[in-house]
Amino acid sequence: MFLTGTGAACFARAQYIMIKPDGVQRGLVGSIIGRFEQRGYQLKGLKLFQASEELLRQHYKDLTEKKFFPSLLEYMLSGPVCCMVWEGTNAVKVGRQMLGATNPQESNPGTIRGDFALDFPGGLRVVRGGFVGYFRGYLPRRARTSPGLPRREVRWE
Ligand code: IDP
Ligand code: MG
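Residues numbered from 1 in each chain as written. Chains lettered and ligands numbered in written order. Predicted model: local features only at pLDDT ≥ 70, side-chain atom pairs only at ≥ 80, totals over all residues. Heavy atoms only, no water.

### Quick word on the pairing of strand 1 (residues 14–19)
Thought 1: By the criterion of burial, strand 1 is predominantly enclosed, with six of the six residues buried.
Thought 2: The two faces of strand 1 match: Ala 14, Tyr 16 and Met 18 on one face and Gln 15, Ile 17 and Ile 19 on the other face are all buried.
Thought 3: Pairing analysis gives six bridges linking strand 1 to strand 3 (residues 81–87), with the strands arranged antiparallel. Bridge pairing in strand 3 places Ala 14 opposite Glu 87. (Buried < 20%, exposed > 50% of the residue type's maximum accessible area, 1.4 Å probe, protein only. Helix = DSSP H or I, 4+ residues; strand = E, 2+ residues; numbered from the N terminus. Pairing = 2+ DSSP bridges.)

Printed below as a string of structure tokens:
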């Protein structure tokens, strides 16, 4: 097991990041990986993955009632996503800061969204941040349904 420690301190060290289909198609994978490496985070899992509708409905369960959900679903099915797990100090909070605000127009310059994304409709949504845990019993539901990264795939040394 590559992680030791328990509970919140352990959770805070691992962040699931997904580069969405337009980010992959625009060739931004390298730049985004570079930012996390530059900052000092360590790549613990990486996979290019075509999500299924069923998995996306689980992954975005809290958003299914939103008006934009059908277009989000269609967009997320439009091509492979790049799934990553980054580990390091305060990865959840700092990772969020590095992504920028959900609405790209409100993302500060210097953040990933603030530098690479402009709008919701028609793409340019680029990245999604989430939360991932490693240990049985502590694993949040979201991590279990994160496209491309079932638990066993992030547990390599
Ligand atoms: P996050 O990606 O920053 O975690 P969430 O609230 O989890 O943001 O929303 C998931 C995704 O749903 C966003 O990344 C974006 O693609 C889409 N989304 C969220 N809010 C809106 C909206 O108001 N209009 C259109 N799409 C949205
Ligand atoms: Mg979210």
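### Considerations on the pattern of salt bridges
Thought 1: Tallied over the full model, the rule gives three salt bridges.
Thought 2: Taking the shortest distance from any N to any O, the salt bridge between Arg 35 and Asp 115 comes out at 2.7 Å. One end of the pair, Arg 35, is in helix 3 (residues 29–39); the other, Asp 115, is in helix 7 (residues 112–116), with 80 residues separating them in the sequence.
Thought 3: Between Glu 53 and Arg 57 there is a salt bridge; the shortest N-O distance is 3.0 Å. Of this pair, Glu 53 and Arg 57 both sit in helix 4 (residues 53–59), four residues apart, roughly one helical turn.
Thought 4: Judged by its relative accessible area of 37%, Glu 53 falls in the partly exposed class.
Thought 5: According to the relative accessible area criterion, Arg 57 is partly exposed, its value standing at 39%. (Salt bridge = Lys/Arg side-chain N within 4 Å of Asp/Glu carboxyl O.)

### Quick look at the confidence of the model for the protein
Thought 1: Of the residues in the protein, 69% have a pLDDT of 70 or more, and the chain-wide mean is 76.
Thought 2: This model gives residues 1–10 a pLDDT under 50, and the stretch forms 19 contacts once residues within four places in sequence are excluded.
Thought 3: pLDDT under 50 marks residues 150–157. Its contacts with residues more than four places away, or in other chains, come to 20 contacts. (pLDDT = per-residue confidence, 0-100. Contact = heavy atoms within 4.5 Å.)

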